[in-house]
Amino acid sequence: MDMETLGWNSFFQQHLDQLSDKEAIPGRIIRESKNLYQVYSEEGELMAEISGKMRYEAQDASTFPTVGDWVALKTRPGEDRATIINLLPRQSKFSRKAVLSGGVPGSGGKTEEQVLAANIDTVFLVSGLDHDFNLRRIERYLSIAWDCGAAPVIILNKADLCDDIDSRRAEVEEVAFGVPLHTVSALDKTGLVSLEEYLMPGKTSVFLGSSGVGKSTIINSLTGIELLKTAPLRESDQRGKHTTTHRELILLPSGGAVIDTPGLREIQIWLDNEGMENTFRDVMEFAEQCRFRDCSHSNEPGCAVLGAIETGDLDEDRFQSYLKLQLEMRHLSIRQNVKARRQASKNFQKKIRRIQEERKKGLR
Ligand code: GDP
Ligand code: ZN
């Protein structure tokens, strides 16, 4: 198996090269169960365990490998088992808080970071264009995507059930500041081709969205269409042999990978200010004009936010959703990795600006 297709790059190579053990090879975690890891490597698919040293030195749950992680492995001659000796740094990660025993979020209780998926390039935010359509929810998912350090892409699914796609798109564009937006119908497979640019070899994505929006249907179509096209090639494919266990990192025939874990499906909000600022940039801009720096926007004189709601420049619902998120953030606030995520967010902003420039010039 070609490691580049799986997402291996110079960033991970550099970290692997720094290890004192020169015989270690890279592997990517497909699934974890009961301390046993299913891993893709250049030696094929292996089952691996963490070395005693690594277990001993682990500081908390977040330093254990998770689906999507790259690890350094030592194979055991004559066995299809391997030992994981190192977790390579993550380029992006999806986490949620887990409350440690005795702790309650928001009460100063201790929470621990639980990493659900690692090294994700694209976060697809899926909404249904049926009764499920909800702008506030899209805002929340956008915050999560930005926090994770990956680029969000919005998918409006079930286009076949909607008579007014254009105005829906316009509404989304208003809250989603230049985030790529694709309208599809997974049921009749229209529009899915437009997702291909994110599913290239080496790229990893996750699909987020409420239950019933069509995530499984989309993922199935993505594997299905391509599988049919490439069926003869796959007969000699080693991968076919191990289809008995369920994979959480799924290789698409297009070359890209999709991570779909039970944990991701029930993701809770794990936010920091960065995601908030991006999603609610308009609210933040009004807030900067408030007379008092610590304005709570409830009844202060000279509050620009309340002023904007009064004049209709700011939607009352949007402000309510901002307040709600802020409250949750306070409960779940984390200070780890703030710098890394700030950089990731900056990079993303740069990318969006570039895309907008290209669009203006008619290159896209
Ligand atoms: P998930 O919970 O997000 O994985 O959603 P599923 O993929 O299980 O889809 C939920 C339901 O929506 C199923 O009955 C699908 O057949 C249906 N569905 C998915 N995509 C479409 C679509 O584009 N149009 C219509 N009309 N139904 C869809
Ligand atoms: Zn104010």
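Residues numbered from 1 in each chain as written. Chains lettered and ligands numbered in written order. Predicted model: local features only at pLDDT ≥ 70, side-chain atom pairs only at ≥ 80, totals over all residues. Heavy atoms only, no water.

## What about the site of ligand 1?
- Taken together, 16 residues lie around ligand 1, and D160, G212, K215, S216 and T217 are the ones closest in.
- Residue S185 places a side-chain N or O atom 3.2 Å away from an oxygen atom belonging to ligand 1.
- Taken by itself ligand 1 offers 590 Å² of open surface, and the protein chains cover 73% of this.
- With 3 residues, helix 5 (residues 215-229) is the largest single contributor of residues to the shell around ligand 1.
- In terms of residue class, the shell around ligand 1 is made up of 4 nonpolar, 8 polar and 4 charged. (Near = heavy atom within 4 Å. Polar contact = N/O pair within 3.5 Å; in protein donor to acceptor, adjacent residues only side chain to side chain. Areas by Shrake-Rupley, 256 points an atom, 1.4 Å probe, with all protein chains shown as cover. Helix = DSSP H or I, 4+ residues; strand = E, 2+ residues; numbered from the N terminus. Nonpolar A, V, L, I, M, F, W, Y, C, P; charged D, E, K, R; others polar.)

## Observations concerning the pattern of salt bridges
- Throughout the structure, instances matching the rule amount to 11 salt bridges.
- A salt bridge links D130 to K158, with the shortest nitrogen-to-oxygen separation between them at 3.4 Å. Linking D130 in the loop between strand 8 (122-128) and helix 3 (135-148) with K158 in the loop between strand 9 (151-157) and helix 4 (165-175), this pair joins segments that are 28 residues apart in sequence.
- Using a relative accessible area of 14% as the deciding quantity, one classes D130 as buried.
- Note that R318 and D282 form a salt bridge whose closest N and O atoms lie 2.8 Å from each other. Taken together, the positions of R318 in helix 11 (residues 316-332) and D282 in helix 9 (residues 281-288) put the pair 36 residues apart, joining distant regions of the chain.
- Through salt bridges that share partners, D21, E23 and K74 make up one connected network. (Salt bridge = Lys/Arg side-chain N within 4 Å of Asp/Glu carboxyl O. Buried < 20%, exposed > 50% of the residue type's maximum accessible area, 1.4 Å probe, protein only.)

## So, the nonpolar core
- Of all hydrophobic cores here, the largest spans 46 residues; its most connected members are F94, V123, I154, V172, L208 and L249.
- Aside from chain neighbours lying at most four places away, what touches V172 is F133, L135, I138, I154, L156 and L181.
- Membership of the second largest hydrophobic core comes to 18 residues, among which are L195, V213, I250 and L252. (Core = buried A, V, L, I, M, F, W, Y, C linked by side-chain atoms within 4.5 Å. Contact = heavy atoms within 4.5 Å.)

## Focus: the sheet that holds strand 2 (residues 36-41)
- Strand order around the closed barrel formed by 5 strands is 1-2-3-5-4, with mixed pairing between neighbours. Ignoring which end each strand starts from, the neighbouring axes of this sheet average 50° apart.
- Inspection of the sheet shows strand 1 (residues 25-33) paired to strand 2 by 6 bridges, in the antiparallel sense. Each bridged residue has a counterpart across the sheet, and for G27 the counterpart in strand 2 is S41. (Pairing = 2+ DSSP bridges. Axes fitted to C-alpha atoms, helices over the stretch in contact; angles between N-to-C directions.)

## Describing the packing of helix 9 against helix 10 (residues 304-311)
- Contact pair helix 9 / helix 10: the axes reach a minimum separation of 7 Å and the direction vectors enclose 120°. Compared by their axis directions, helix 9 and helix 10 come out oblique. Counted together, V283, F286 and A287 of helix 9 and A304, V305 and A308 of helix 10 form the full contact between these two elements.
- Among the residues forming the contact of helix 9 with helix 10, the class breakdown is 6 nonpolar, no polar and no charged. (Parallel < 35°, antiparallel > 145°, perpendicular 65-115°, else oblique.)

## Concerning the coordination of the zinc ion (ligand 2)
- Coordination of the zinc ion (ligand 2) by the protein is provided by C290 (SG), C295 (SG), H297 (ND1) and C303 (SG), with metal-donor distances spanning 2.1 to 2.4 Å.
- One way to put it: the 4 donor atoms around the zinc ion (ligand 2) meet at angles of 104 to 116°, and that makes the site tetrahedral.
- Going along the chain, you hit the donors of the zinc ion (ligand 2) in the pattern C-x4-C-x1-H-x5-C.
- Given a relative accessible area of 10%, H297 falls into the buried group. (Donors = N, O, S within 2.8 Å, 3.2 Å for Na, K, Ca; no water. Tetrahedral: all angles 85-135°; square planar, octahedral: opposite > 155°, others 65-115°.)

## So, the sheet that holds strand 13 (residues 257-259)
- Taken together, 6 strands build an open sheet; the order of strands is 10-9-8-11-13-12 and the sheet is mixed. Where the open sheet ends on each side, the last strands, each with one partner, are strand 10 (181-183) and strand 12 (249-251). Direction aside, neighbouring strands of the sheet carry axes that sit 25° apart on average.
- Across 3 bridges, the pairing between strand 11 (residues 204-208) and strand 13 is parallel. Note that in strand 13 the partner of V206 across the bridge is I259.
- Along the sheet, helix 3 makes contact with strand 8, strand 9 and strand 11, crossing strand 8 at roughly 170°.
- Across the sheet, helix 4 lies against strand 9 and strand 10, angled at about 160° from strand 10, the strand it touches most.

## A few points about helix 9
- Within the span of helix 9, buried status applies to V283, M284 and F286. Considered in projection along helix 9, the buried side chains sweep an arc of 160° and stay on one side of the axis. (Arc of directions from axis to C-beta.)

## Looking at the packing of helix 3 against helix 4
- At their nearest, the axes of helix 3 and helix 4 sit 10 Å apart, and the two run at 40° to each other. Classified by the angle their axes make, helix 3 and helix 4 are oblique. In this structure, helix 3 meets helix 4 at a crossing whose hand is right-handed. Contacts from L135, R136, I138, E139 and L142 in helix 3 reach E171, V172 and V175 in helix 4.
- Here the contact of helix 3 with helix 4 is composed, by residue class, of 5 nonpolar, no polar and 3 charged. (Left-handed = near helix turned anticlockwise from the far one by under 90°.)

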